[in-house]
Every structure is written in C-alpha cells, then in structure tokens.
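# Summary of structural features
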Amino acid sequence: QVHLVESGGGLVQAGGSLGVSCAASGRTLSWYAIGWFRQAPGKEREFVAAISWSGSSTYYGDSVKGRATISRDNAKNTVYLQMNSLKPEDTAVYYCASRPAVRASTLWYEYDYWGQGTQVTVSS
C-alpha cells in the first residue's frame, strides 16, 4: 500500500502561480503512475494531470493545458504539479492518486490510492 500526502496548496491571486506536491510513503513511487484530480464544491471530480511511472509521458486536462506542468522525482518519492496563470475557476481541493501501472490514466476510477487533498483558492 502506498500512502500519499499532498502539500503546497494555499491562496493565490488570479494570474499567479502555485505548486503542489504529492509525497509517497510505504512503497517506492516509481512503481506507480500518478494522477492529479480536483474537485470544487458542488462539482464533479475533474482530471488535471497525470504522469507515467517513468515520467516519460504526461497528460493534461483541457482546462489546464498550457498552464500546468506535472513532474516527478522518483528518488524523492514525490510528484509535483505546477500551475501558472491561475484563474478563480481553478479553486478546488487538489488530490493526487496512484495507479499501479506503467501508464497513467485520465480516469479517476483507475486509481487506487488517494491523498487527503490540498486546498487551492484563487482570488479574483
């Protein structure tokens, strides 16, 4: 079992940047593809970004494409999500999740372990 903990969320003004991290413990993160999802109050869970186990393949949701960068450092057992040009509609709880596979997925139900989430709030 892998235990995931997100950090780095906070309050940022529109147009600003924010980075969030996903640290893993329990098992080495290099065995897992990792996805980032977000959920705003009253809305469905939304795919944000995902990265393959090696980091060679990345995927982005349409709403963040061009503004987000996902990366990983398997030596540090950590995955990062950097978001730029933030908008108020980016406000949500951001979750990272692991998938015991080489390839990442954009589908939340294909991930098995989830972190507790970190709040990102973008003020207008």
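Computed from a prediction, not measured in an experiment: that's the story for all the values here.

What counts and how
Residues numbered from 1 in each chain as written. Predicted model: local features only at pLDDT ≥ 70, side-chain atom pairs only at ≥ 80, totals over all residues. Heavy atoms only, no water. Helix = DSSP H or I, 4+ residues; strand = E, 2+ residues; numbered from the N terminus. Contact = heavy atoms within 4.5 Å. Core = buried A, V, L, I, M, F, W, Y, C linked by side-chain atoms within 4.5 Å. Buried < 20%, exposed > 50% of the residue type's maximum accessible area, 1.4 Å probe, protein only. Pairing = 2+ DSSP bridges. Axes fitted to C-alpha atoms, helices over the stretch in contact; angles between N-to-C directions. Phe/Tyr/Trp six-rings, centres within 6.5 Å; stacked < 30°, edge-to-face > 60°. Lys NZ or Arg CZ within 6 Å of the ring centre and 35° of its normal.

### Section: the environment of Ser-7
Here Ser-7 shows up in strand β1 (residues 3-7). When the C-alpha positions of Ser-7 and Thr-118 are compared, they lie 6.0 Å apart, and in sequence the two are 111 residues distant. Apart from the residues lying within four places of it in its own chain, the contact partners of Ser-7 are Gly-19, Val-20, Ser-21 and Thr-118.

### Overview of the nonpolar core
Ranked by internal contacts, the top residues of the largest apolar core, which has 27 residues, are Trp-36, Val-79, Leu-81 and Tyr-94. In terms of residues, this core owes the most to one element, strand β3 (residues 18-25), which gives 4 residues. If you look at the next biggest cluster of nonpolar residues, it comprises 7 residues, including Phe-37, Phe-47, Ala-97 and Tyr-111.

### Some details on the environment of Gln-39
Looking at the secondary structure, you find Gln-39 in strand β4 (residues 33-39). Exposure remark for Gln-39: the relative accessible area of 30% places this residue in the partly exposed category. Residues Gln-39 and Gly-117 lie 78 residues apart in sequence; the distance between their C-alpha atoms is 9.5 Å. Contact partners of Gln-39, with chain neighbours within four places excluded, come to Glu-44, Arg-45, Ala-92, Val-93 and Tyr-95.

### Concerning the sheet that holds strand β8 (residues 78-83)
On the basis of which strands lie adjacent, the open sheet formed by 4 strands has the order β1-β3-β8-β7 and antiparallel pairing. Only two strands of the sheet have a single neighbouring strand rather than two, namely β1 and β7 (68-73). Looking at each pair of strands side by side, their axes are set apart by 15° on average, direction ignored. Two elements, β3 and β8, share 6 bridges in a ladder whose sense is antiparallel. Following the sheet pairing, Ala-23 is matched in β8 by Thr-78.

### Let's talk about the packing of aromatic side chains
The final tally for this structure, using the stated rule, is 6 aromatic pairs. Taken together, a centroid distance of 5.6 Å and an interplanar angle of 65° make the contact between Phe-37 and Phe-47 edge-to-face. Remark: Phe-47 occurs in strand β5 (residues 46-51) and Phe-37 occurs in strand β4; sequence separation between them is 10 residues. With a centroid separation of 5.9 Å and 80° between ring planes, the pair formed by Trp-108 and Tyr-109 is classed as edge-to-face. When its relative accessible area of 41% is taken as the criterion, Trp-108 is described as partly exposed. In this structure an aromatic cluster arises from ring pairing among Phe-37, Phe-47, Tyr-95, Tyr-111 and Trp-114. In this arrangement the basic side chain of Arg-45 is found over the ring face of Trp-108, its NZ or CZ atom lying 4.3 Å from the centre. The lysine or arginine in question, Arg-45, covers the ring of Trp-114, its NZ or CZ lying 4.7 Å from the ring centre.

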